[in-house]
2 protein chains.
Amino acid sequence: MKEGPDIALLGSLIGDPARANMLTALMSGKALTASELALEASVTVQTASSHLKKLEAGGLLGQRKQGRHKYFTLSDDDVGSLLETMMGLAAKKGHIRIRTGPKDPALRKARVCYNHLAGEMGVRIYDSLLARNFIAADNDTLILTEQGHSFVAEFGIAIDTAKKTRRPLCKPCLDWSARRSHIAGTLGTELLDRFYQLGWAKREEGTRTVAFTPKGEKAFAASFPL
Amino acid sequence: MKEGPDIALLGSLIGDPARANMLTALMSGKALTASELALEASVTVQTASSHLKKLEAGGLLGQRKQGRHKYFTLSDDDVGSLLETMMGLAAKKGHIRIRTGPKDPALRKARVCYNHLAGEMGVRIYDSLLARNFIAADNDTLILTEQGHSFVAEFGIAIDTAKKTRRPLCKPCLDWSARRSHIAGTLGTELLDRFYQLGWAKREEGTRTVAFTPKGEKAFAASFPL
DNA sequence: TTAATGCTTCGATTAGCATCGAAGTATGAA
DNA sequence: TTCATACTTCGATGCTAATCGAAGCATTAA
């Protein structure tokens, strides 16, 4: 018995509610940490770890270590389209969708990526800094250029203190939507803190949403033009 | 917990090995009975019945009662394409396929459908008789016409004895490939028996394959032109 | 009617696996 | 170094569901 489970393996991987929630959370292209996925699935991190291991072994997930975090994404576009097909069929057959929903709209715009800004605005920082040659890609890491140092200092960040730590100054960090990179590392953290400090934005309780004030959003747009 | 298993339900349905085997067996478009599916999945009929109930409730299967048999098919083309997608991904990810395979080639041409001939040659009988007005569709059943009676008698079948039973003379029966109908009922049984009797074909042991002799195949083609 | 076949339901057993607590490893911060 | 965080592994528990035997229905044949 239990002989040839070609599609059965795939099915059973997707068939567990916890794993299905993780996969749908990753469907947006977002790269999520194990803890975040645990939260999405409403299970403990141990359980999540076990699931993620299985999903990875099954070839559905890819991972990328970033410091002490482990980011998971769907491994393939094929996986994405399979899930999309399944969601479509499930909807058609009346297996109604009860999943969350009210979170995303604000999260897409700006959210905390555990210590730096992600979402559209996070991507914008990256693009803006790169376009003005304030940062430059160097062998899979990012370095802050001469002009970049000036800009950061002008922006009110004491970069020297940040330099002491072993933590990289800039790091690219995956974003969802277009799987775009944004700024992580010490600089990313410092920037986000500075936004809070300037009163441009503040963190919403309980969620990962970062809420910008109208005034803050204008100032942001001025400081990070495209 | 266990909150919103949109795609999880689909996944778990496909995730069970027995069900996966049934679904892949139905992937060719063939309409199979519960017993046949049980055989395919290597489980008892009770277990199969339970699985089929779930698959039908999940909207993956459609059924058609035919006498005391219950024929199952994939309910949708969407279901078929989902399974195809999954099989493709499974192959790509290295979940090797161990399933049967060597059966089909001969079965496609001619096979026993529990008491009548199915497969391409079965479909041909249906088409030939219909084209020559030997049978006619009447309110979801088939009737043998006046000319049809002559033909059958000429072919060597004592139709009177068949008429006595309560069993319908002709019945359409689903076939796979193009989901075409072929002749079942008393007439179907009698025709197959006559083929055996004429030495045109004989049943292969252990399989559902019907092996026609070269001579038999020619005679068949002559008797059932298109 | 009786007998046979195809399928379903019921009940009990069993196996698998998701789950979490607790301890262990790794990375980063001070 | 020490402390904190992110994640993994181990072990035990408990729930779910697949499985099959046995009995019940439905259809067909004699």
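Given the structure is predicted, the values throughout are model-derived calculations rather than measurements. (Residues numbered from 1 in each chain as written. Chains lettered and ligands numbered in written order. Predicted model: local features only at pLDDT ≥ 70, side-chain atom pairs only at ≥ 80, totals over all residues. Heavy atoms only, no water.)

Novice: Would you explain unusual backbone geometry in this entry?
Specialist: With the exception of glycine, the majority of residues adopt a negative phi angle, and the majority of peptide bonds are in the trans configuration. Positive phi outside glycine occurs at Asn133(A), with the angle close to 60 degrees. Considering the arrangement of structural elements, one finds Asn133(A) in the loop between helix H7 (120-131) and strand S6 (135-138). (Helix = DSSP H or I, 4+ residues; strand = E, 2+ residues; numbered from the N terminus.)

Novice: Hey, could you run me through the protein's contact with DNA strand C in this one?
Specialist: Every one of the 23 residues lining DNA strand C counts as a neighbour, but Gln46(A), His51(A), Lys54(A), Ser35(B) and Ser49(B) are closest to it. Taken together, the sugar and phosphate atoms account for 71% of what DNA strand C places within 4 Å of the protein. Thr47(A) places a polar side-chain atom, nitrogen or oxygen, 3.2 Å from a phosphate oxygen of DNA strand C. Note that a phosphate oxygen of DNA strand C is positioned 2.5 Å from one of the side-chain N or O atoms of His51(A). Elements with a minimum of two residues in the surface near DNA strand C: helix H2 (17-26) and helix H4 (45-57) of chain A together with helix H3 (34-41), helix H4 (45-57) and strand S3 (69-74) of chain B. Here the residues of the surface near DNA strand C sort into four nonpolar, 10 polar and nine charged. (Near = heavy atom within 4 Å. Polar contact = N/O pair within 3.5 Å; in protein donor to acceptor, adjacent residues only side chain to side chain. Nonpolar A, V, L, I, M, F, W, Y, C, P; charged D, E, K, R; others polar.)

Novice: Explanation requested: the packing of aromatic side chains in the structure shown.
Specialist: Describing an aromatic ring pair means giving the distance of the ring centres and the angle of the ring planes. All names here are of chain A. The full count for this structure, using the stated rule, is 24 aromatic pairs over all chains. Ring geometry for Phe155 against Trp200: centres 5.7 Å apart, planes inclined by 70 degrees, an arrangement best described as edge-to-face. Linking Phe155 in helix H8 (residues 146-155) with Trp200 in the loop between helix H10 (185-197) and strand S10 (201-203), this pair joins segments that are 45 residues apart in sequence. Grouping residues by exposure puts Phe155 and Trp200 together as buried. Among the aromatic residues, ring-to-ring pairing joins Phe134, Phe151, Phe155, Phe195, Trp200, Phe212, Phe220 and Phe224 into one connected group. When the ring centre of Phe151 is taken as reference, the NZ or CZ atom of Arg132 above it lies at 5.1 Å. (Phe/Tyr/Trp six-rings, centres within 6.5 Å; stacked < 30°, edge-to-face > 60°. Buried < 20%, exposed > 50% of the residue type's maximum accessible area, 1.4 Å probe, protein only. Lys NZ or Arg CZ within 6 Å of the ring centre and 35° of its normal.)

Novice: How should the sheet that holds strand S2 (residues 61-66) of chain A be read in this particular structure?
Specialist: Residues and elements named next belong to chain A. In space, the three strands of this open sheet follow the order S1-S3-S2, with antiparallel pairing throughout. Strand pairing shows two members of the sheet lacking a second neighbour, strand S1 (32-33) and S2, which therefore form its edges. Packing of H4 onto the sheet brings it into contact with S2 and strand S3 (69-74), and relative to S2 it is tilted by some 120 degrees. (Pairing = 2+ DSSP bridges. Contact = heavy atoms within 4.5 Å. Axes fitted to C-alpha atoms, helices over the stretch in contact; angles between N-to-C directions.)

Novice: What is the right way to look at helix H2 (residues 17-26) of chain B in this model?
Specialist: Since the α-helix advances by 3.6 residues per turn, residues separated by three or four positions end up pointing in the same direction. Most of H2(B) sits inside the fold, with nine of its 10 residues counted as buried. For H2(B), every residue scored as buried is listed here: Ala18(B), Arg19(B), Ala20(B), Asn21(B), Met22(B), Leu23(B), Thr24(B), Ala25(B) and Leu26(B).

Novice: Before we go on, may I ask you to explain the sheet that holds strand S2 (residues 61-66) of chain B in this structure?
Specialist: Pairing between the strands of a sheet is mediated by backbone hydrogen bonds and can be parallel or antiparallel. All names here are of chain B. The strand order across the open sheet built from three strands is S1-S3-S2, with neighbouring strands paired in antiparallel fashion. Since the sheet does not close on itself, it has two edges, and those belong to strand S1 (32-33) and S2, each with one partner. Relative to S3, S1 runs antiparallel, the two being bridged by two bridges. Counterpart to Thr33 in the pairing with S3 is Tyr71. Along the sheet face, H2 touches S1, S2 and S3 and points at about 80 degrees away from the line of S3.

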